[in-house]
Each structure stands twice: as structure tokens, then as C-alpha cells.
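# Coordinates in review
Okay, here's what each chain looks like letter by letter:
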Amino acid sequence: MDIMNEVQEIFRKVFDDDGLIISSRTTADDIEDWDSLTHMQLIVMLEKHYKIKFTTAEIKKAANVGELIEIILQKI
Amino acid sequence: MKFEEYRNQVEKINVSDYVELLNMGRKWKKIEVRPYDIKVGVIGSASIQLIVSVLKVLLCKYGIYADVYEGEYNGISMDVFDSESPFYRFGPSYVIVIPDYRDIRERAPDILADGTKVEKAVGSVAGYYRKICDTIHKKLPNCQILLSDFVEPVEDPLGSLGGNYLFSQSQFCRQVNLELIKYRKPFVKMVDIDKLAACIGKTKWFDESAYFLNKSGFALEYIGYFCEAFARQFDACMGKVRKCIVLDLDNTLWGGVVGDLGYEKIILDPNDAEGEAYIYFQKYLLSLKNRGVILAVCSKNDLKNAKEPFEKNENMILKLEDISFFAANWDDKASNIRVIAKELNIGLDSMVFFDDNPTERELVREFVPEVQVIDVPKDPAYYVRALDQSFCFEWNQITIEDINRIQSYRDNAARAELYEVCDNYDEFLTKLEMQVCWNRISDVTVARFSQLTNKSNQFNLRTQRYSDAEIEAMRHSDQYELYTVSLKDKFSNYGVIACVILHFQDHYCEIENWVMSCRVLKKTVEKYTAYKMIEAAEIRNVDEIRAEYILSKKNSMVSNLYDELGFQNITETENKKEYLLTKEKFCALQKRMNYIMKEER
């Protein structure tokens, strides 16, 4: 499975929406429940899944799905 | 979604599965509208949004549908010290207060501060939190407060030296926690989150990045554990407590099978690693007994073989007199457990089962689902941990009655012998030489009052539950009179075994609550209690006494109590019966209360 699909699975789990489709340009504005709290859950789940750790700066900065994936790719 | 369906889903989730818990939190809104069971306020200095969400989920597991007020971020003092705050408008009956060590770190004493200065710094911080609790109590006198202690931080600028000085940051936190315990009031319950964090491992518990980003007091992964620690307290407050552990023998209390090896050869030698593990487990069980947990044995064995180690093996920590009921036979364990419950007069849902054999555990789970079955690990070295971490004996308080109870179960054998030699039941009661005592609630008995009132299920006329805070409030109100009944006989001192709440309004007195311990059934205590209640009503010169029986799942044994005592039944519905006793009848009824005991003043 490519990384976009894997990340999408995690998004679907966090937002409890099996039909959710994301792209690298998807931002918090596109998903209603994407707030600071769900953002935190996303980060924790991505960290668990890829066995990586985001830095505070990366979490603060990542504005869309593409940037998140870019950070993940650097770390795995 | 129906509440029950939601609850079933929650019951399947492990507290470590924070993802599923957070998902269930989002589904909360989908529960069909129903009346709330309780109102809970959560206030704290760190971020509490997700805590509130998961707490609501976990409370469902205990059958509680809670309306929860979520305090503002860092808003403890805004909510508490402003008497017009939304927090007070919400009017919670339970409040959870979650402070964080980062709130008080700056107030630690200076390096090299002397003892007096350290005490002052500790006193001032603990005093602030006491003031918070006192202020809430003043404004909401019926409110029960659950206060988390401070999780002592990992870092200390003094390094290992911190362990040597009272002024160090880590010792400061520790002293504040101790001070909070020292001056704890009955309306405050401390919840030991520091211990929880230590069990998990503090370097994992704290996540500084999450604190800087979201002001999370701890790593999100542990939110289930955190909320469960509080949710459990509500379960105990609602009267659901377990009080008896049913133990297997072979490979549970000792290694090997006594029927094959004989009492001398079972594995129980303190010089053997495995033997030591069993001894360690027995010592833990003995400590449970000493705090008031009833020990019972349920083993597939010949009775003689099963008892021999208790009588003859000198390495045994547990003796026969520590075991309140001993079942060793070849019947199935589910039936045996029912017998034990009946003999000890306790509910199946107050029992815990500990057996190394997975087949027996499965059988008990299936046929007596009310019993809590411990997942026993293969290695006896970890028995204590498995039992301890199951948190099955979470009580709200410890009382002297808990400790004495075990003795009174044991004395039942002596009572049975006495009964054998009596010609009739009244003679037996006379020979028991019972002495009874009717008292207003006092500082000494208030904890027991709360416990009995909230734990009793069978002899309980209305099954109302009260927090310690509510009891305190009634105790100091002119409208209420709270009484305890204590009993002793020639064999044991039972202590407080019945509690009554009388509510005086206008011209009448209402029996708002009446509970009694099932250990003293059929001893005419209820007649004595009725006599004294009428007397209390006479003193207040009321025209009538009103009483009520509300049917619950467990209190059918008292469904006709008021009829039997001679109260007049005025209305009756499926779940409720109302009674009346008018002034003219007080005296006649008192004469009928032929209790067979001496009154002690």
C-alpha cells in the first residue's frame, strides 16, 4: 500500500469516516473536525504506525497532508 | 444508538486502546437522549477537553450517563472563586480537580531553604488547593470532590542530590501531596495519579512536546488509564464494591497438588524461588483479610486433604481461621460459589474469583457472570500484581467494622453450636445476650454510616445513595436526624450494623433511608430500630411518620417489612409502596416491637 493510502486509513480512523478521501493538498479547512485536538491524535497515531517521532516544530508547521507525508518520508 | 448498546461497545475496549476510546468519545452525541444520572464538573490547569470526552465514555462502562461540565483551560480559580461562574450555575454533584506540577513549580522553596521556609512553601501551596476544595464545598455542600495529587516530575536541577534535600523540586511536590492527604476532609477524595504515572513509567507518562503544543498534562496514549482511575471512584460511590475473594488451592495458594504430594511436599518452601512466590501471594491475601476482605476457599479436593496444609504445614501463612468459608469437594465451582455467597449472605456481584486453571475461570465467567474473574498469569511470581492491578477491592473508605466483620463470620460456627442446644429460636436469641445501641451519627461513625448506606443492597428500603459530602450536609441540617445502630453479642462486636435517615418536614417525619447489614438478619434488630425511630418522631412531636419501600433488583427481602411492623399501607404501585403511621398509633406499635436484646446507653 502506498503511503497516501496508509495515511488516509489513519485519517479515516481518527475522523471516524470510512469514506474520507484525502490528497496532499488537504488541509484542516477541508475536514470539519480537524482541530488542534484531532491534530494531536493524528500525530500520535502516525508516530505509532511509522515508529517515528515528530519534533515540536514539525507538528506546529505541517499545514497539509502533503507536508505531513514529506516529514514521514524523511524519517522512515 | 441506545445507551445499552453504546455501553456494550465500551465494555469491550481495553483502557490502553486510546484510539478506540477517543473514537467512542466522538460517538457520544449519537446516544439517544435520556435523563442524566449525575452531573460532573471537571476543572484543571492543563488541557482537559479530551479527558472529559474519555471520562464520559468510561463512566458508561459503569452504567453512568453523565452530564459533564468542562472547565476553561487554566480556569480553576475563575470557576471556583467567582460565585456567579458557569461552573456553579451548572451545579455538579461531583467535581474532579486536576492540578499539574507545572502550576506550582515556581513556588518551590529557594535552594538551601531551611526547614521552616520549606514548610511555609509547602503549606502555602497545599493551602491554596485546600481553599479551592473548601470554597466548592461551601457553595455546593452536597458535592463530592475528587482531587488528583501532583505527579512528581522526572527532572530535578539538583540531579540525584534532590533526593537528599527537602527544598528540592521533587521533594517539594512530594511534601505538597502528603500535606493534602494530612488535611483531607471527608468531602474530598484523593486520586493517586502520581502512583499511576509511576506504574506506567514517568518518562513515558510525561510528553513535554505535547505539553508545549497542547498543554496536555501527560502523553495522550495514557488517557484511558487516567480517566479509568477516576471512573472507578464513581463505581465505588454508587455502592458497587466487592468484598470477598474465592480462592483455589492447588497451584494457587501453593505449588503442586496436595492430594498427590501430601501436605509436607507441596511447593511452599521459603528457600525455594517458587515456594517463595506462593508465600508472597499468601501474605498479600492476609493483608487483604486484615483490611476487611473476606477470604473463601473453593477447591476440587477431599476436604481432609485440602485442610491438612492449613493445619500442619508450618510454611502456610494463611490459617484455617483466616478462611471464612471453606468449600473443598468435587462439585463444580459455579455451584460452590453460589453456596459460598448464600452461606456468607453476600451478593454474587461482591465476589472475586482467583484460580490458576483457565477452564475453571471460563466456567465461572459463563455460569456466574456477576463474579469478577481475575486473569491469573501462568507464573505464581506475578499473582500479587495481577490481583492488585485488577483494582477489584476499590472501596470508598476503611472502617473498624470492616476489620471486625471477618471475626463475626468466623463466630458464626460458635453461634450455630449454641443454636443446636436451644429449644426454640427465641431462647437462642436470649442466649446470644445481644446488646444494642442507638446513637446520633458522630465523627467516629460517619465513615461507617456512609459505607453501610452505600453498600447495602438487600436490607435497604429505598436504595438511595449519598456522597460523604451529602451526609455531612444532612448531619448539620436541622431537618435531618441521622442515627446508627450498633450491636454486640456474646461472641463478637459487630459495630454499626444499621443506619437511618429521618427527614422532618412541617408536621411529619419521613423515613428517608433505612439500611441494615445482612449479617444480623432475624435478630430482631429491625424491631428495635423501628421502636427508636418512633421514639425520635415523638420527641419532635410530629403528627405522623411516612415511609416508603422502593423495589430494586436486590431488596425484595424487605418488600413487606413495613406491613409486618404494622405500618398502614396507603398506596401501592408496581415498584413502590407508601406507608403511614399516625401519632395515635405510635404507642401501640412500640409495644409490639418485642426485640430480644438489651439496650446499652
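Note that this is a predicted model, so its numbers are computed, not measured.

## Details of the overall build of chain A
When you go through chain A residue by residue, the secondary structure sums to four helices and zero strands. The linear arrangement of helices and strands in chain A, starting from the amino end, is α-α-α-α. What you see for chain A is a C-alpha radius of gyration of 11 Å, in line with the 11 Å of a compact globule of 76 residues. Residues counted as buried form 47% of the 76 residues belonging to chain A. Partitioning the intrachain contacts of chain A with sequence separation of at least 6 by distance along the chain shows that 48% fall at a separation of at least 24. Per element, the accessible surface of chain A, about 4300 Å² overall, is 49% carbon and sulfur.

## A short note on the interface of chain A and chain B
Note: interface size is frequently given as the accessible area lost on complex formation between the parts. Listed by partner, the interface residues are 15 residues for chain A and 18 residues for chain B. Summing the contributions of chain A and of chain B, the shared interface buries around 1500 Å²; its carbon and sulfur component is 59%. Area buried by chain A at its contact with chain B is led by L37(A), M40(A) and Q41(A), which between them contribute 35% of it. The tally of links from chain A across to chain B stands at three salt bridges. Salt-bridge contacts for E221(B) lead to K48(A); the nearest nitrogen and oxygen are separated by 2.7 Å.

## Points about the sheet that holds strand β18 (residues 598–599) of chain B
Whether parallel or antiparallel, the strands of a sheet pair through hydrogen bonds between backbone atoms. Residues and elements named next belong to chain B. With respect to topology, eight strands assemble into an open sheet ordered β16-β17-β15-β14-β13-β12-β11-β18, the strand pairing being mixed. The open sheet terminates on both sides in strands that have one partner only, identified here as β16 (568–572) and β18. Relative to β18, strand β11 (residues 435–440) runs parallel, the two sharing two bridges. Note that in β18 the partner of V436 across the bridge is E599. Helix-sheet contacts for helix α21 (residues 446–455) involve β12 (480–488), β13 (493–505) and β14 (508–516), and the interaxial angle to β13 is about 80°.

## Things to note about the pattern of salt bridges
It is possible for side chains bearing opposite charge to pair when their charged atoms get close. All chains considered together, the criterion is met by 39 salt bridges over all chains. The closest approach of N and O atoms between K75(A) and E58(A), which form a salt bridge, is 3.2 Å. With K75(A) in helix α4 (residues 65–75) and E58(A) in helix α3 (residues 56–61), this pair connects stretches of sequence that are 17 residues apart. In this structure, E544(B) engages R546(B) in a salt bridge whose closest nitrogen and oxygen atoms are separated by 2.9 Å.

## Some words on the domain arrangement of chain B
One can read the domain layout of chain B as domain 1 (3–237), domain 2 (244–388) and domain 3 (415–599). The gap between the C-alpha centroids of domain 1 of chain B and domain 2 of chain B is 37 Å.

## Describing the sheet that holds strand β10 (residues 372–373) of chain B
Residues and elements named next belong to chain B. Across the sheet, which stays open at both edges, the five strands sit in the order β8-β7-β6-β9-β10 with parallel pairing between neighbours. Looking along the sheet, the strands with just one partner apiece sit at the ends: β8 (323–329) and β10. In this structure, strand β6 (residues 244–247) lies alongside strand β9 (residues 351–354), joined through four bridges in parallel fashion. Bridge pairing in β9 links L247 to F354. Packing against the sheet, helix α14 (residues 273–290) makes contact with β6, β7 (294–300) and β9, and its axis sits at approximately 150° to β6.

## Quick look at the packing of helix α1 (residues 3–14) of chain A against α4(A)
Residues and elements named next belong to chain A. At a minimum axis separation of 11 Å, α1 and α4 run at an interaxial angle of 115°. When the axes of α1 and α4 are compared, the crossing they make is right-handed. In this structure, α1 contributes I3, M4, V7 and F11 to the contact, and α4 contributes V65, L68, I69, I72 and L73. A breakdown of the residues in the contact of α1 with α4 according to their chemical character gives nine nonpolar, no polar and no charged.

## With respect to a negative patch on the surface
Residue and element names in this part refer to chain B. A grouping of D269, D272, E274, E276 and D379 is seen on the molecular surface, where their side chains present a negatively charged patch. Counting through the fold element by element, D272 comes out in the loop between α13 (258–261) and α14. For D272, a relative accessible area of 33% translates into the label partly exposed.

## Focus: the packing of aromatic side chains
Residues and elements named next belong to chain B. The full count for this structure, using the stated rule, is 39 aromatic pairs over all chains. Pairing F81 with Y128 gives two aromatic rings, centres 6.3 Å apart and planes at 55°, and the pair type is tilted. With F81 in helix α4 (residues 76–81) and Y128 in helix α7 (residues 115–139), the pair connects residues that are 47 residues apart, well separated along the chain. Exposure remark for Y128: the relative accessible area of 29% places this residue in the partly exposed category.

## What to know about the packing of α7(B) against helix α8 (residues 169–182) of chain B
All names here are of chain B. One can describe the packing of α7 onto α8 by two numbers: an axis separation of 9 Å at closest approach and a directional angle of 55°. Taken together, α7 and α8 sit at an angle that is classed as oblique. Between α7 and α8 the crossing geometry is right-handed. In this structure, α7 contributes V118, A121, V122, G123, V125, A126, Y129 and R130 to the contact, and α8 contributes F172, Q175, V176, E179 and L180. The class makeup of the residues in the contact of α7 with α8 is nine nonpolar, two polar and two charged.

About the cut-offs
Residues numbered from 1 in each chain as written. Chains lettered and ligands numbered in written order. Predicted model: local features only at pLDDT ≥ 70, side-chain atom pairs only at ≥ 80, totals over all residues. Heavy atoms only, no water. Helix = DSSP H or I, 4+ residues; strand = E, 2+ residues; numbered from the N terminus. Rg over C-alpha atoms; globule rule 2.2 N^0.38 Å. Buried < 20%, exposed > 50% of the residue type's maximum accessible area, 1.4 Å probe, protein only. Contact = heavy atoms within 4.5 Å. Areas by Shrake-Rupley, 256 points an atom, 1.4 Å probe, with all protein chains shown as cover. Buried area = accessible area lost by both parts, 1.4 Å probe. Salt bridge = Lys/Arg side-chain N within 4 Å of Asp/Glu carboxyl O. Pairing = 2+ DSSP bridges. Axes fitted to C-alpha atoms, helices over the stretch in contact; angles between N-to-C directions. Domains from an automatic or database assignment. Left-handed = near helix turned anticlockwise from the far one by under 90°. Nonpolar A, V, L, I, M, F, W, Y, C, P; charged D, E, K, R; others polar. Patch = residues over 30% accessible without salt bridge, like charges linked within 9 Å, V, L, I, M, F, W, Y side chains within 5 Å. Lys, Arg positive; Asp, Glu negative; His and termini not counted. Charge placed at Lys NZ, Arg CZ, Asp CG, Glu CD. Phe/Tyr/Trp six-rings, centres within 6.5 Å; stacked < 30°, edge-to-face > 60°. Parallel < 35°, antiparallel > 145°, perpendicular 65-115°, else oblique.

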